[in-house]
Amino acid sequence: FEAKEAKRDMVPLLMGIMAPSNGGKTYSALRLATGMQEIYGGDIYGVDTENNRMLHYADKFKFKHVPFSAPFGSLDDLQCLRWCSKQGARITIVDSMTHEHIGEGGYLETAEAVVDRIAGNDWKKRDACKMLGWAKAGPLRQKMIEGIKQLDGNFIFCWRAKEKTKPVRGKNGKLEILDLGF
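This structure is a prediction, so every number in the text was calculated from the model and none was measured.

Focus on the nonpolar core
Proteins that are soluble and globular tend to have nonpolar side chains buried together.
Consideration 1: Counting residues in each nonpolar core, the largest one holds 17 residues, and the members touching the most others are Val47, Leu81, Cys84, Ile148 and Phe157.
Consideration 2: Mapped onto this core, the elements with two or more residues apiece are β2 (43-48), α2 (74-87), β4 (89-95), α6 (130-149) and β5 (154-160).
Consideration 3: Excluding its chain neighbours within four sequence positions, the residues that come into contact with Cys84 are Tyr45, Val47, Val66, Ala89 and Thr92.
Consideration 4: In terms of nonpolar packing, the next biggest core, distinct from the first, is built from 14 residues, Met54, Ile91, Ile156 and Cys158 among them.

Examining the pattern of salt bridges
Two side chains of opposite charge can pair, provided their charged atoms sit close to one another.
Consideration 1: Across all of its chains, the model carries seven salt bridges by this definition.
Consideration 2: Where Glu112 meets Arg126, a salt bridge forms, and the shortest distance between an N and an O atom there is 2.2 Å. Of this pair, Glu112 sits in helix α4 (residues 107-119) while Arg126 is found in helix α5 (residues 123-128), placing the two residues 14 residues apart along the sequence.
Consideration 3: Take Glu112: its relative accessible area is 39%, and that puts it in the partly exposed class.
Consideration 4: One continuous salt-bridge network, built from bridges that share partners, spans Glu112, Asp116 and Arg126.

What to know about unusual backbone geometry
Consideration 1: Of note, the amide linkage connecting Ala70 to Pro71 takes the cis form, showing an omega dihedral of 10 degrees.
Consideration 2: Following the sequence through the fold, Pro71 ends up in the loop between β3 (64-67) and α2.
Consideration 3: Cis peptide bonds are those with omega within 30 degrees of zero, and the linkage from Asp95 to Ser96 qualifies with 25 degrees.
Consideration 4: Tracing the backbone shows Ser96 in the loop between β4 and α3 (98-102).
Consideration 5: A positive phi angle, close to 65 degrees, is found at Asn22, a residue other than glycine.
Consideration 6: Judged by its relative accessible area of 84%, Asn22 falls in the exposed class.
Consideration 7: Of note in this structure, Asn51 is not a glycine but carries a positive phi near 55 degrees.
Consideration 8: By the element assignment, Asn51 lies in the loop between β2 and β3.
Consideration 9: Judged by its relative accessible area of 62%, Asn51 is exposed.

Reading guide: rules and limits
- Residues numbered from 1 in each chain as written.
- Predicted model: local features only at pLDDT ≥ 70, side-chain atom pairs only at ≥ 80, totals over all residues.
- Heavy atoms only, no water.
- Core = buried A, V, L, I, M, F, W, Y, C linked by side-chain atoms within 4.5 Å.
- Buried < 20%, exposed > 50% of the residue type's maximum accessible area, 1.4 Å probe, protein only.
- Helix = DSSP H or I, 4+ residues; strand = E, 2+ residues; numbered from the N terminus.
- Contact = heavy atoms within 4.5 Å.
- Salt bridge = Lys/Arg side-chain N within 4 Å of Asp/Glu carboxyl O.

So, in structure tokens, the structure goes:
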């Protein structure tokens, strides 16, 4: 251990952008990364889980394109980010981190696979062992998060926002749709 006077330094940034489909996440992330590059230097890496859609901006921004396909498990994401870091990425964009949650092999599928293995199609049993699925998926995500925080570099994560609604009974007894926002 060593103690020295604290001084503001080039502390890595972790940023998130959330918007609905076609809300400008990729473009905004590339603009931010380009501005950050003036401060941090190095290359911009674009991890593209959206079937090469990031390449729409290849003529407007300079970045290294990293196609990333399923499985989108938490540790798969961490492995990809570690790879980018080892290649010298100073700024890494993940477009889109949504796949780690809802994509093939992602958080939800990881939890569901545990329930499938234990309970199969027994719906009563599935309900009883649902927490075991989250007990498997949760620590994997936490390991990814902690791993990202140990990487030297700046990260911009894009998430696809979905509008949430909830059916409720109105005062007149009619079913109404309540808008919960994004």
